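# Topology and contacts: notes
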Amino acid sequence: MGNTVLLIEDEPNIIEAISFILARDGWQVKTHSNGHDAIRAVREHDPDLIILDVMLPGKSGYEILEQIRADPDYGEISVLMLTARGQVKDREMAERAGVSRYMTKPFSNADVLHAVRALAGP
Amino acid sequence: MSGEAGPVFLQRRTYRRRRLKDAARLLPFLGAILFSVPLLWQGTPEAPTRTSSVMLYLFVVWAGLAGLSAVISRHLDDDQDDDTHQGDPPERP
Amino acid sequence: MATLNLLVVVCILYVALLFAVAFAADRAARAGRITWLRSPIVYTLSLSIYCTAWTFYGAVGFAARSGLEYLTIYLGPTLVMIGWWWTLRKMVRIGRSQRITSIADMISSRYGKSNLLAVFVTLLAVIGTTPYIALQLQSVTLSVATFARNDLTTTVVPDRDSTALLVAVGLTLFTILFGTRNLDANERHHGVVMAIALEAVVKLFALLAVGAFVVWGMSDGISATLARIDASEIAEWRVPGSRWVGLTMLAAAAFLCLPRMFQVMVVENEDERHLRTASWAFPAYVMLMSLFVVPIAAVGLDLLPSAANPDMFVLTLPLLAGQDGLAILSFLGGFSSATSMVIVAAIALSTMVSNHIVMPIWLYATGGSAMVSGDVRSVALRARRLSIAGVVVLGYLYFRVSGGGTALAAIGLVSFAGVAQFLPALMGGLFWRGATRAGALAGLLAGFVIWLYCLFLPSFGPSVVLPQTVLDHGLFGFSWLRPQALFGAAGMDGVVHAVMWSMLLNTAAFIIVSLLSFPRPIERLQGAQFVNVFQHSGTRGSWTGGLAQSEDLLIMSQRIIGARDAQAFFSAAARRQGIGGYLPEPSPDFLQDLERELSGSVGAATAHAMVSQIMGGATVSVEDLMAVADETAQIMEYSNRLEAKSEEQARTARQLREANQKLTQLSVQKDAFLSQVSHELRTPMTSIRAFSEILRDTEELSASDQAKYASIIHDETVRLTRLLDDLLMLSVLESGQVTLNNQHGSLSAMLDRAVAATGGTTEALRIHRDRSTEDIHLHTDLDRLAQVFINLITNARKYCDAQEPELSISAKNDNGILIVDFIDNGSGIAMDHQDVIFEKFSRVGDLKASGAGLGLAICREIMARLGGTITYLPGQGGAAFRVSLPLEARLAAQ
């Protein structure tokens, strides 16, 4: 199991923060910041884990998740979803789309690390 | 309508007026019946009904009917022409 | 012994008094002092023309022959009078509202203003009344002759015929003088009515005086008189039930149908309320009139020779007792009875004859144009005067021909039975909407024929008109057609027999033909107005305006009702329509009123014909047909109401649906808004939390990293604050709770301020302005307007995607409206986004921006508060916004 994480997020400050945290924990962090070609970025970087924001310019996180799940190569990949919307129905939509883990912003850095570690798993 | 006790008073008045109209309508029938009564007085060959008694009866009835008609028409209100109006409007308070 | 000469002198004086009274009453009425003239008592007394010479003389004769049977003649009218609420009230109301001039007019008017019907009723009335007038003449001659026989000073017995002729001429003169002063029958004959009221008093007083004299002067008081009755030929109560009931009903019917009764009761009626008094006073009057009849008859039978004519007992008893004064009074009573009847009957009949026979013929003969040929008014008056003379002459001729042989009462009953034929048509017309003209004609015809055959012709005696063989064996030898035993009904009393069959077949024909025929629209219209007169006394009628020339109508009306009255009527109508002058629009209402006004003078049928000539024959419109079909109208109204109700329900449902949709939409918007707010708040918080944790938990951070992360935290808190500020401002703006702080200032200064606040013109955004256009003075909330400008410049700074971003700001004053355009050189906003950019949180494109998407929403709200607008200008080569604001201070906000 590799240690490459693909972070798809559009807020530059949040990208910087998560990159910093994960890098310090020994992860290789790749970033991508829009929804249009997210799936191409996935192929390009061939990550072990994806951290996906819900509100992205161009395409929503749910759609990207569905594409990933439908992809023959990456259908089984673990996806951690981050959302700034805290409503129940958002969580339900994410679960329907096949999310592995779901976190609401703002999160604590420790939680993100734990989640990534758990998802990257054994 | 004015005053608290007004409606009750007027309703009673209205009721009375309706009955007066009924009386005015029935009066000719009463008269016809009363005027026909002497026809029942057949008498007997020995004691035939006398003209004078029938005459007295008829004139008494006649005067009575005229009097009754006077009483009824005097109390019928002037503006009570419209039979079909359900709620009779109060005229004078 | 009273001398004939004295009688003649008294008689002439009495007539002179009558003329004086009539003249005075007419003058008083003309001077407007009519209140006392037309009291309910005068009305009641005028009704007493029902009591003619037949009552005055004939009742005693009747009683001497048949006992109490004479009472039926008064009991019938008594029942009608005390039952006034049923019929008389309605007849009077209709007569007044439709300006009815006679019974013929009433029936004709009810059945669609049919002149044929009017002619028929008129003829029947003339035939029925002529013998009655003859009867009055006969009674006067008889009474004069009775006096002459008693007068020992002279052996001259005045010629019967010349006496009658003299009386006839005198009556004709009186009637013409006082009966045709006014053409309009609704302008009452005050003089005539007053004279007959006086005569009513005289005849009642005379009869009561004779009666009192007979009871107390000749018979020793009441009990003695009663004893004398018990001892007389009429002591026994032997009235057959059929005659008792039949004659009562006949008298009741005649009371309603007699032309003269209709004249005084309906046409001369001044006030409906007079009926109230008459309802008891008239029964009382006729009761008093008949009170002493039996005593006089009994005493007369007892004291006078058996050859004496019982019809003259009223006169002969005082003469026998030597009471000359009382005898003369009695004569005056009889004279009054006879003359008042003839006068009123002549007026009533002449109105009918002139309105329904002479005028139509004259109209026809003059080419049917009431306008072109002479003065209708004078023609109508002349027709009426001639008719009066004609009616009286007819009565005189009948008197001469018949020889006055039969008993007075017999003629009276024949006449009653004749006019009673009007009853089914009259009552049916008042109470049954389904009665038709054809039915009325059929009923009248059937009744008339049977009356003629069974009663009128046989009344002349055997072999005078009807041969004896017909009387014995029936017409054409059919025994079931025997006049006095029709359909085998032998053994009945002649009068009852004729009344029964005529009324039965009359009513049957009337009902059956009415049921089978279909009324014309105008019949249905009139039917509705008659039957429902109390619901709509002022209903609208049968004319539609448009074609009629008001001027022609005025010319015609002037000739009928006189120039002054016609002009007054027309100008009043014009005023009601809001027009000056004398010519109103020929609206249906006006034509209806006019026709009614004219019908008061010439009768409904003639008036209708005259107006319809001018109207070009347009009689009944589609609207009227609708109105006629009252039932239809009601049903339609009902269904309309239902329709309206269901429409209303549908409308309510629609409104509810819309409200629901709006609520749902609002709820969705609210959810979306909350979701957006949540997102916008959480995003900077995420950065803040993440970096503050990094700063806290990471020990070996470089100083530069520390500074960088701290400044990120700082920026994000600034962003949060700005977001909160924007939200608050938007909330305030949207709720309308904005207080505008209006100040004076110049546009140029404001733009300077806005540009400076957004960082001035830099490499990141070059701002072009044309200062020469910016010299515009403003009076508005400068701070808020500046906010709009700032937001727009900030937007350009954020979103302009050109290599060298530029923003040009231009201003102009367009007819009092300030217009400021902000146009950048970017790629602009795609068409499908242009209408959402002003919504909250709408951010277009994938450009990174720090705004929450509230800027333009705030701009829109501010501009709305300031009374202006902000719009996106397409097709400017870049993103272009136009701010427009009226320079005049008419602001939307409070």
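Residues numbered from 1 in each chain as written. Chains lettered and ligands numbered in written order. Predicted model: local features only at pLDDT ≥ 70, side-chain atom pairs only at ≥ 80, totals over all residues.

If you tally the helices and strands in chain C, you get 33 helices and seven strands. When burial is assessed residue by residue, chain C has 50% of its 894 residues classed as buried. Expressed as a percentage of contacts within chain C between residues at least 6 apart in sequence, the contacts between residues at least 24 apart total 80%. (Helix = DSSP H or I, 4+ residues; strand = E, 2+ residues; numbered from the N terminus. Buried ≥ 20, exposed ≤ 12 C-beta atoms within 10 Å, placed from the backbone. Contact = placed C-beta atoms within 7 Å.)

A tally of regular secondary structure across chain B gives two helices and zero strands. Counting all 93 residues of chain B, 18% fall into the buried class. The contacts in chain B between residues at least 6 apart in sequence include a share of 67% that link residues at least 24 apart.

All names here are of chain A. The five strands are arranged 2-1-3-4-5 in an open sheet whose pairing can be described as parallel. The outermost strands of the open sheet, each flanked by one partner alone, are strand 2 (28-32) and strand 5 (101-104). Shown here is a sheet whose adjacent strand axes are inclined to one another by a mean of 20 degrees, direction ignored. (Pairing = 2+ DSSP bridges. Axes fitted to C-alpha atoms, helices over the stretch in contact; angles between N-to-C directions.)

Moving on to the packing of helix 32 (residues 782-799) of chain C against helix 33 (residues 855-866) of chain C. Any two packed helices are characterised by the angle at which their axes cross and by the distance between the axes. Residue and element names in this part refer to chain C. Interaxial distance between helix 32 and helix 33 falls to 9 Å at its minimum, and their mutual angle equals 150 degrees. Compared by their axis directions, helix 32 and helix 33 come out roughly antiparallel. By crossing handedness, the relation of helix 32 to helix 33 is classed as left-handed. In this structure, helix 32 uses R784, L785, Q787, V788, N791, L792, T794 and N795 to contact helix 33, whose residues at the interface are G855, L856, I858, C859, I862, M863 and L866. (Parallel < 35°, antiparallel > 145°, perpendicular 65-115°, else oblique. Left-handed = near helix turned anticlockwise from the far one by under 90°.)

Position of C:L177 among the secondary structure elements: in helix 8 (residues 160-179). Separated by 14 residues in sequence, C:L177 and C:G191 place their C-alpha atoms 9.6 Å apart.

Opposite the 32 residues of chain C that make contact, chain B presents 35 residues. Looking at the side of chain C that touches chain B, the elements that each hand over two or more residues are helix 4 (72-82), helix 10 (221-231), helix 11 (241-257) and helix 13 (274-291) of chain C. Ranked by residues supplied to the side of chain C that touches chain B, first place goes to helix 13 of chain C with seven residues. Here the side of chain C that touches chain B is built from residues that sort into 21 nonpolar, seven polar and four charged. (Nonpolar A, V, L, I, M, F, W, Y, C, P; charged D, E, K, R; others polar.)

We now examine helix 4 (residues 88-97) of chain A. Residues and elements named next belong to chain A. Within helix 4, the full set of buried residues consists of D90, A94 and A97. All buried residues of helix 4 lie within an arc of 65 degrees about the axis, which places them on one face of the element. Away from its buried face by more than 90 degrees, helix 4 exposes V88, K89, E92, E95 and R96. Contact partners of the buried residues in helix 4: helix 3 (61-70), strand 4 (78-83) and strand 5. One or two residues past the end of helix 4 sits G98, with phi positive at roughly 95 degrees. (Arc of directions from axis to C-beta.)

This next bit is on the interface of chain A and chain C. If you look at the interface, chain A gives 19 residues, while chain C gives 16 residues. Here the side of chain A that touches chain C gets five residues from one element, more than from any other, and that element is helix 1 (residues 12-24) of chain A. Class assignment for the residues of the side of chain A that touches chain C results in nine nonpolar, seven polar and three charged.

Turning our attention to the nonpolar core. Residues C:I107, C:V121, C:C257, C:I296, C:A297, C:A417 and C:A420 are the most contacted members of the largest nonpolar core, which totals 215 residues. Ranked by residue count, the leading element in this core is helix 16 (residues 324-365) of chain C, at 22 residues. With sequence-adjacent residues up to four places away left out, C:A297 is seen in contact with C:V60, C:A63, C:A64, C:I234, C:P310 and C:F313. Listed in part, the 41 residues of the second largest apolar core include A:I8, A:I51, C:I688 and C:A690. (Core = buried A, V, L, I, M, F, W, Y, C linked by C-beta atoms within 7 Å.)

Here the focus is the confidence of the model for chain B. All names here are of chain B. Of all residues in chain B, 68% have pLDDT values of 70 or greater, and the mean over the chain is 72. Throughout residues 1-7 the model reports pLDDT below 50, and contacts reaching past four residues in sequence, or to other chains, amount to five contacts. Within the model, pLDDT remains below 50 along residues 79-93, and this stretch shows 16 contacts once partners closer than five positions in the same chain are excluded. (pLDDT = per-residue confidence, 0-100.)

Looking now at the sheet that holds strand 6 (residues 869-872) of chain C. Residue and element names in this part refer to chain C. If you walk across this open sheet you meet the five strands as 2-4-5-7-6, and the pairing is mixed. A strand with exactly one partner marks an edge of an open sheet, and here the two such strands are strand 2 (766-769) and strand 6. Looking at each pair of strands side by side, their axes are set apart by 20 degrees on average, direction ignored.

Another point: the packing of helix 2 (residues 40-47) of chain C against helix 13 of chain C. Residue and element names in this part refer to chain C. At a closest axis distance of 9 Å, the pairing of helix 2 and helix 13 adopts a crossing angle of 45 degrees. Judged by the angle between their axes, helix 2 and helix 13 are oblique. Considering only the axes of helix 2 and helix 13, their crossing is right-handed. Residues P40, I41, Y43, T44 and L47 of helix 2 form the contact with helix 13, whose participating residues are H274, T277, A278, A281, F282 and Y285.

Over its 18 residues, helix 13 of chain C runs 25 Å from end to end, which matches the ideal 26 Å to within 8%, given 1.5 Å per residue. Along helix 13 of chain C, 14 of the 18 residues are buried, which leaves the element largely enclosed by surrounding structure. (Expected span 1.5 Å × (residues − 1).)

Assignment of secondary structure puts C:L303 in helix 14 (residues 293-303). C-alpha of C:L303 to C-alpha of C:L320: the two residues are 17 residues apart in sequence and 9.0 Å apart in space.

Next up on the list: unusual backbone geometry. Of note, the amide linkage connecting A:K105 to A:P106 takes the cis form, showing an omega dihedral of -10 degrees. Following the sequence through the fold, A:P106 ends up in the loop between strand 5 and helix 5 (109-120). Unusually for a residue other than glycine, A:D46 sits at a positive phi of about 45 degrees. For A:D46, a count of 13 C-beta atoms within 10 Å corresponds to the partly exposed category. In the Ramachandran plot, C:K113 falls in the positive-phi region, its phi being about 50 degrees despite a non-glycine side chain. The exposure class of C:K113 is buried, given the 28 C-beta atoms found within 10 Å.

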